[in-house]
Amino acid sequence: MREQAGATRPILPLVFVTTLTSIMGNSLLAPLIPDILETFDRPDGSAGLLVAAASLPGIAMAPIIGLLADRFGRRPVLTPCLFVFGLAGVFVATAPTFEIMLIARFCLGLGAAGLVNLAIVLISDHFDGDERTRWIGANSGVLTVALAAFPVVSGAIASAFGWRWALAPLSLGVFSALFAWRTLPPGRPEVQVSLRDQLAGARIAFTDRTILTSVIAAAVSFAVIFGVFLAALPTHLDDEFGLDAWGRGIVFGLPAITSSIAAFNLGRIRRRVGASTVAIVSAAAWTGSFLLLGLAGSLVVLCVGALAYGIAEGALLPTLQDAAMSRAPADQRAAVMAGWTAMARAGQTTGPLVAGALLAGPGSGAALLSGAVGAAALVALFALRPFSDGATPTPTTDETTKKAAP
């Protein structure tokens, strides 16, 4: 651990608050999608646009936010991100037309672009080695518990009061911003480098095989999660099983049960097997889960697939994040995680659009089966490009500059 325990205790609540805020945008929305489309008289294919609108800005903004956080510090970057998220959330919940909702979701995505990566960066700022793995896993566990609760809560609120009230918690991002401002210290990082050196260091970091594999896997993983699970499954549950918002929320909450178990035990698992093994097994389990989701003829079988999906997600995503952070140089940590998040956002954007096209064509079953194809591609990626467990991290920008000097 890099700092004394007393200095790190306030950081963990902020990490968890930031993570929980970041997932509200889609976890609250997912069970409401059919109701929102019905309100605005939009076809099923518009579900992809609704999900992708909040992911699109992250492709460009996540790297910028990472560079700013490395250059100016965490507080002056994280706080505005949370505030923009909360303010945009008010407009999402009150949007009078579908087009205005898409614009509001886009603005929500501007704020969300820096949240997931900065939460992981804060952990990496304060913890090393097994402790970092432990808290990244715990953060993922907190996230997945919330993923279980948020859809159930939003579905229940929507059933009682309508979908607009179910989206009202998005505004809590404003209070998260105040918490971040009070928790994080002011000031810039001790070591200052030029923007040119920052960009050069980030480029060097991304030549590392483990970081690059993790980044590619992030793009595919989030395309599958947001395109298949979040965009296609709500329509599938409505069309094939006739579930209302509350019922859809309960199904969406099931994976978080098994996902949280996997995430909270990730440190113990990683002490026994390497990151590459965890990644391959998780991706293989994901492949099987999407086959069950797409081919299930009964709701019970589909729920079994959802539980299997959760195990895979809970082990895979924190493993990808930890693999990248274990190799990132200290002064490029936010930039590397931002690049990771940018590729994840690219997946979040393209996945729902592909799913929307499949929903408008072959249907929701085909969209769900496409997730098995993406997961199988991950198995091949991890087999061909295994992670480097325990290797020496990429040198810092300062070290690289010294080595290059005559």
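Reading the values: rules and limits
Residues numbered from 1 in each chain as written. Predicted model: local features only at pLDDT ≥ 70, side-chain atom pairs only at ≥ 80, totals over all residues. Heavy atoms only, no water. Helix = DSSP H or I, 4+ residues; strand = E, 2+ residues; numbered from the N terminus. Buried < 20%, exposed > 50% of the residue type's maximum accessible area, 1.4 Å probe, protein only. Contact = heavy atoms within 4.5 Å. Areas by Shrake-Rupley, 256 points an atom, 1.4 Å probe, with all protein chains shown as cover. Phe/Tyr/Trp six-rings, centres within 6.5 Å; stacked < 30°, edge-to-face > 60°. Lys NZ or Arg CZ within 6 Å of the ring centre and 35° of its normal. Axes fitted to C-alpha atoms, helices over the stretch in contact; angles between N-to-C directions. Parallel < 35°, antiparallel > 145°, perpendicular 65-115°, else oblique. Left-handed = near helix turned anticlockwise from the far one by under 90°. Expected span 1.5 Å × (residues − 1). Salt bridge = Lys/Arg side-chain N within 4 Å of Asp/Glu carboxyl O. Nonpolar A, V, L, I, M, F, W, Y, C, P; charged D, E, K, R; others polar. Patch = residues over 30% accessible without salt bridge, like charges linked within 9 Å, V, L, I, M, F, W, Y side chains within 5 Å. Core = buried A, V, L, I, M, F, W, Y, C linked by side-chain atoms within 4.5 Å.

**Details of the overall build of the protein chain**
Phase 1 of the analysis: Along the backbone of the protein chain there are 20 helices and zero strands.
Phase 2 of the analysis: Counting only residues that meet the buried cut, the protein chain has 56% of its 406 residues in that class.
Phase 3 of the analysis: Counted over contacts in the protein chain with a minimum sequence separation of 6, partners at least 24 positions apart contribute 87%.
Phase 4 of the analysis: For the protein chain, the exposed surface amounts to about 15,700 Å²; the carbon and sulfur share of it is 68%.

**Describing the packing of aromatic side chains**
Each aromatic ring pair is summarised here by two numbers: the centre-to-centre distance and the angle between the ring planes.
Phase 1 of the analysis: Per the counting criterion, the structure on display carries nine aromatic pairs.
Phase 2 of the analysis: With centroids separated by 6.0 Å and ring planes inclined at 45°, the aromatic side chains of Trp286 and Phe290 adopt a geometry described as tilted. Residue Trp286 and its partner Phe290 are both found in helix α16 (residues 275–295); the two are separated by four residues, about one turn of the helix.
Phase 3 of the analysis: One aromatic cluster is present, built from ring pairs that chain together Phe229, Trp286, Phe290 and Tyr309.
Phase 4 of the analysis: Over the ring of Trp181 we find Arg75, and its NZ or CZ is 3.8 Å from the ring centre.

**Describing the packing of helix α13 (residues 209–241) against helix α14 (residues 245–264)**
Phase 1 of the analysis: As a packed pair, α13 and α14 sit with axes 10 Å apart at the nearest point and diverge in direction by 135°. Taken together, the axes of α13 and α14 lie oblique to each other. Along this stretch, α13 crosses α14, giving a crossing that reads as right-handed. Across the interface between the two elements, Phe229, Leu230, Leu233, Pro234, Leu237 and Asp238 from α13 touch Arg248, Val251, Phe252 and Pro255 from α14.

**Brief notes about helix α6 (residues 75–94)**
An α-helical turn contains 3.6 residues, so a residue and the one three or four places further along point in the same direction.
Phase 1 of the analysis: Here α6 contains 20 residues, and its C-alpha end-to-end distance of 29 Å stays within 8% of the 28 Å for a straight helix at 1.5 Å per residue.
Phase 2 of the analysis: Among all positions in α6, only Arg75, Val77, Leu78, Thr79, Cys81, Leu82, Phe85, Gly86, Ala88, Gly89, Val92 and Ala93 are buried.

**Focus on the pattern of salt bridges**
Phase 1 of the analysis: According to the stated counting rule, one finds six salt bridges in the structure shown.
Phase 2 of the analysis: Among the ionic pairs, Arg42 bridges to Glu99, the shortest N-O distance being 3.6 Å. Note that Arg42 is positioned in the loop between α3 (33–39) and α4 (46–52) and Glu99 in helix α7 (residues 98–112), a separation of 57 residues in sequence.
Phase 3 of the analysis: A relative accessible area of 46% places Glu99 in the partly exposed class.
Phase 4 of the analysis: Through salt bridges with shared partners, one network takes in Asp35, Asp238 and Arg248.

**Quick word on the packing of α6 against α7**
Phase 1 of the analysis: Two elements in contact, α6 and α7, have axes separated by 7 Å at closest approach and are oriented at 165°. Taken together, the axes of α6 and α7 are roughly antiparallel relative to one another. The two elements α6 and α7 cross, and the hand of that crossing is left-handed. Between α6 and α7, the contacting residues are Cys81, Val84, Phe85, Ala88, Gly89, Phe91 and Val92 on the first element and Met101, Ala104, Arg105, Cys107, Leu108, Gly111 and Ala112 on the second.
Phase 2 of the analysis: Residue classes in the contact of α6 with α7 are distributed as eleven nonpolar, two polar and one charged.

**Let's talk about the side chain of Ser259**
Phase 1 of the analysis: Checked against the element boundaries, Ser259 lands in helix α14.
Phase 2 of the analysis: Not counting residues up to four positions away in its chain, the partners in contact with Ser259 are Thr144, Gly310, Ile311, Glu313 and Gly314.

**A look at a nonpolar patch on the surface**
Phase 1 of the analysis: A contiguous nonpolar patch, built from Leu56, Ile59, Phe83, Val84, Leu87, Val90, Phe91, Phe106 and Leu110 and spanning about 720 Å² of accessible area, is present on the exposed surface.
Phase 2 of the analysis: Elements supplying a minimum of two residues to the nonpolar patch: α5 (56–72), α6 and α7.
Phase 3 of the analysis: When residues in the nonpolar patch are grouped by element, the largest group, five residues, is from α6.
Phase 4 of the analysis: Turning to its location among the elements, Ile59 is positioned in helix α5.
Phase 5 of the analysis: Residue Ile59 is classed as partly exposed on the basis of its relative accessible area of 33%.

**Quick look at the nonpolar core**
Phase 1 of the analysis: Formed by 111 residues in total, the largest nonpolar core has its most connected members in Ile36, Leu78, Met101, Leu167, Trp286, Trp340 and Phe382.
Phase 2 of the analysis: If one sorts the elements of this core by residue count, α13 sits on top with 15 residues.
Phase 3 of the analysis: Discounting residues that sit within four places of it in the chain, Leu167 has contacts with Leu28, Leu29, Leu32, Ile36, Gly89, Val92, Ala93 and Met101.

Shape is all these values report; function is a separate question.
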